[in-house]
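Letter by letter, the chains look like this.
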Amino acid sequence: MTMSEAERLLAAMAEVEDPKMKQLSAAPEPARGRYPHCVVWTPIPLLTWLFPIIGHMGICTSSGVIRDFAGPYYVSEDNMAFGRPVKYWKLDPNKVYASGPNAWDTAVNEASEEYKHRMHNLCCDNCHSHVAMALNLMKYDGSSSWNMVKLCFLMLLHGKYISFGGFLKTWLPFLLVLGIGITVWLALHLR
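Since this is a predicted model, take the numbers as computed values, not measurements.

What counts, and at which threshold
- Residues numbered from 1 in each chain as written.
- Predicted model: local features only at pLDDT ≥ 70, side-chain atom pairs only at ≥ 80, totals over all residues.
- Heavy atoms only, no water.
- Helix = DSSP H or I, 4+ residues; strand = E, 2+ residues; numbered from the N terminus.
- Expected span 1.5 Å × (residues − 1).
- Bend = angle between axes of the 7 residues up to and from the residue.
- Buried < 20%, exposed > 50% of the residue type's maximum accessible area, 1.4 Å probe, protein only.
- Contact = heavy atoms within 4.5 Å.
- Polar contact = N/O pair within 3.5 Å; in protein donor to acceptor, adjacent residues only side chain to side chain.
- 1 Å grid on protein atoms, 1.4 Å probe; cavity = no way out; pocket = protein on both sides within 12 Å on 5 of 7 lines; lining within 4 Å.
- Points joined across faces, edges and corners; volume = space filled by probe spheres on them.
- Nonpolar A, V, L, I, M, F, W, Y, C, P; charged D, E, K, R; others polar.
- pLDDT = per-residue confidence, 0-100.

**Some details on helix H6 (residues 164–189)**
Every α-helical turn comprises 3.6 residues, leaving residues that sit three or four positions apart pointing alike. Counted at 1.5 Å a residue, the expected span for H6 with its 26 residues is 38 Å, and the 36 Å between its end C-alpha atoms agrees. At tryptophan 171, H6 shows its largest kink, close to 35°, and the proline proline 173 lies no more than four residues downstream. Turning to H6, its buried residues number three or more, namely Gly166, Thr170 and Pro173. Check the buried side of H6 and you find it contacts strand E1 (38–43), helix H2 (47–50) and strand E6 (160–161). Between the side-chain oxygen of the N-cap and the backbone nitrogen of glycine 165 there are 3.3 Å, and the N-cap of H6 in question is serine 163.

Here's what the structure looks like:
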């Protein structure tokens with residue numbers, strides 16, 4: 001084997017072993033309840049009816065298993081606290097900048113383990129915070145400043161409804177409450 005052949009062989013081996021190789025991510029499969037590399041969202045009864053951008057959030061593993069901070073000291077697996085997801089935001093696993101094998105799943109697991117030891121607080125330390133911690137641990141998109149407010153608005157902008165029924169489940173109660181409120185206001189002020 002000549003030196004140039006050996007160099008080419010070593011270069012080819014280095015390409016195969018490159019940890020920054022492009023990861024392929026499977027497509028979401030709502031019928032099976034699998035959303036690989038996604039952030040998922042579902043409405044919270046009453047709260048979402050009044051504020052439709054506020055809901056319950058979880059993050060999925062590379063195989064699509066949903067993990068969500070469902071209550072005090074409890075992170076559920078594939079059983080979201082308020083029902084099946086109605087919306088998902090597909091993330092790019094190639095934007096994970098943490099090192100180590102399977103950095104995505106490691107970060108989701110570490111965030112979940114941490115939140116198994118935390119009290120749930122609707123305003124300050126909640127399901128959005130759990131997702132933010134996972135994204136911070138994996139340094140998603142080169143950032144470690146993910147937070148619940150940022151996630152709320154990015155889900156609003158980038159989230160895709162799983163079906164028209166999911167869209168209705170989110171917005172119809174709000175529109176009904178709004179319609180009732182306007183009707184009552186008009187009835188009281190137009191006498």
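Now, onward.
**Quick word on the side chain of histidine 56**
Tracing the backbone through its elements, the reader meets histidine 56 in strand E2 (residues 55–60). Here the side chain of histidine 56 touches aspartate 68 through a polar contact of 2.5 Å, side chain to side chain. Histidine 56 has contacts with Val40, Trp41, Thr42, Ile44, Asp68, Phe69, Ala70, Met80, Ala81, Phe82 and Cys127, leaving out every residue within four places of it along the chain.

**Examining the environment of serine 99**
Its place among the elements puts serine 99 in the loop between strand E5 (87–90) and helix H3 (103–115). Looking at serine 99, the relative accessible area reads 72%, which means it is exposed. Sequence separation between serine 99 and lysine 139 is 40 residues, and the spatial gap between their C-alpha atoms is 9.4 Å.

**Topic: empty space enclosed by the protein**
This structure, assessed with the given rule, holds 1 cavity of 30 Å³ or more. If you add up the space inside the largest cavity, you get close to 40 Å³. Lining of the largest cavity is provided by Trp41, Ile53, Met57, Lys87, His128, Cys152, Met155 and Leu156. Ranked by residues supplied to the lining of the largest cavity, first place goes to helix H5 (residues 148–158) with 3 residues. Grouping the constituent residues of the lining of the largest cavity by class yields 6 nonpolar, 1 polar and 1 charged.

**What to know about the confidence of the model for the chain**
In low-pLDDT segments, the atomic positions of the prediction should not be examined closely. Taken over all residues, the pLDDT of the chain has a mean of 87, while the share at 70 or more is 87%. Summarising per-element confidence for the chain, the mean pLDDT is lowest in helix H1 (residues 3–17) (45) and highest in E1 (97). Here residues 9–22 scores under 50 on pLDDT; set against residues more than four positions off or in separate chains, the count is 5 contacts.

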